[in-house]
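Residues per chain are reported as follows:
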Amino acid sequence: MTERSLVAELEARVRARPLPRHVAIIMDGNGRWAEARDLPRVAGHREGAEAVRAVTRAARRVGIQALTLYAFSTENWARPEPEVGALMHLLAEFLESERGEMMRNGIRLNAIGDLDRLPPEVREKLDSVRAETRANPGMTLTLALSYGGRQELVQAARRAAAAKGDALEAEDLEAGLWTAGLPELDLLVRTSGERRISNFLLWQCAYAELVFADVLWPDFRDAELFAAIAEYQARERRFGMTGAQVTGGRE
Ligand code: IPE
Ligand code: IPE
Ligand code: MG
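Residues numbered from 1 in each chain as written. Chains lettered and ligands numbered in written order. Predicted model: local features only at pLDDT ≥ 70, side-chain atom pairs only at ≥ 80, totals over all residues. Heavy atoms only, no water.

## Structural notes on the site of ligand 2
Thinking step 1. In the vicinity of ligand 2, the contacting residues are Ile26, Met27, Asp28, Tyr70, Ala71, Phe72, Ser73, Asn76, Arg79, Arg190, Arg196 and Ser198.
Thinking step 2. Between arginine 79 and ligand 2, the recorded distance is 3.3 Å, taken from a side-chain N or O atom to an oxygen atom.
Thinking step 3. At 3.3 Å, a side-chain N or O of arginine 190 approaches an oxygen atom of ligand 2.
Thinking step 4. Protein chains bury 77% of the 390 Å² of accessible surface belonging to ligand 2 in isolation.
Thinking step 5. If you tally residues by element for the shell around ligand 2, the top one is strand E2 (residues 66-73), at four residues.
Thinking step 6. Considered class by class, the residues forming the shell around ligand 2 number five nonpolar, three polar and four charged. (Near = heavy atom within 4 Å. Polar contact = N/O pair within 3.5 Å; in protein donor to acceptor, adjacent residues only side chain to side chain. Areas by Shrake-Rupley, 256 points an atom, 1.4 Å probe, with all protein chains shown as cover. Helix = DSSP H or I, 4+ residues; strand = E, 2+ residues; numbered from the N terminus. Nonpolar A, V, L, I, M, F, W, Y, C, P; charged D, E, K, R; others polar.)

## Regarding the pattern of salt bridges
Thinking step 1. Tallying each qualifying case throughout the model produces 28 salt bridges.
Thinking step 2. Between glutamate 50 and arginine 53 there is a salt bridge; the shortest N-O distance is 2.7 Å. One end of the pair is glutamate 50 and the other is arginine 53, both in helix H3 (residues 41-62) and three residues apart, which spans about a single turn.
Thinking step 3. Glutamate 50 sits in the partly exposed class, given a relative accessible area of 36%.
Thinking step 4. Residues lysine 125 and glutamate 96 are paired through a salt bridge, measuring 3.8 Å at the closest nitrogen-oxygen approach. Here lysine 125 is found in helix H5 (residues 120-133), whereas its partner glutamate 96 is found in helix H4 (residues 81-104), with 29 residues between them in sequence.
Thinking step 5. Residue classification places lysine 125 among the partly exposed positions, given a relative accessible area of 25%.
Thinking step 6. Overall, the relative accessible area of 39% leaves glutamate 96 in the partly exposed class.
Thinking step 7. Residues joined in a network through salt bridges with shared partners are Asp28, Arg32, Arg190, Glu194 and Arg196. (Salt bridge = Lys/Arg side-chain N within 4 Å of Asp/Glu carboxyl O. Buried < 20%, exposed > 50% of the residue type's maximum accessible area, 1.4 Å probe, protein only.)

Any functional reading would require information beyond the geometric quantities listed.
This is the structure in structure tokens:
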């Protein structure tokens, strides 16, 4: 069987079962991808942008409602300045080049994180693409930029405390998260073989299924996305109940 028909078969299998509504990805391994080829790290980030394009298209095609991509963490600001600069430049380029595709595919662009820290040219492009795609009815593509889960929780806690004092409940805190309005997180994928969360969606991960893939992000394409979704579909989500309770069977 050709690789193409293998991917088509995987896609058909994934489409036949309930899909995760909200998928988030920790896109890791760009630097290692480049280093393995004796290329500068930025070459890995550039190829990583190709993976973002392919995965966004594939997720939209199968009907994922929300795709959230960890593109730059609070902690990533501590990287060498030239790498941070190159990442910001690639981000601005990506926003410009994907504008048309997002409009054609009905994708709404969203962003979470401390966006005020982004350079003005990124901020401006982000604002304009978000405004242009605001009414698009298809998938919501959320870029986590200058994002930290602890920082998100701190600002949500401050807001909830200001409104409710110590009567605040989980729902009040949740309403102040940057992800408010998005579906519950169903599936979190991390590439590159690392098995950690790295300050991503700490609250939202509470009952997400975690899938760790060994592939480096620049090599991640449709087939790898569908394989992660297939793994999710094979899991039994119990939310604290017994297996029998969730399957309706006996134990
Ligand atoms: C992920 O790849 C991209 C960002 C964190 C911005 P890395 O740059 O972390 O790649 P590795 O982990 O060093 O291989
Ligand atoms: C997590 O990857 C952040 C992003 C993918 C944007 P890192 O490469 O920064 O994470 P650590 O440092 O390995 O935990
Ligand atoms: Mg990394």
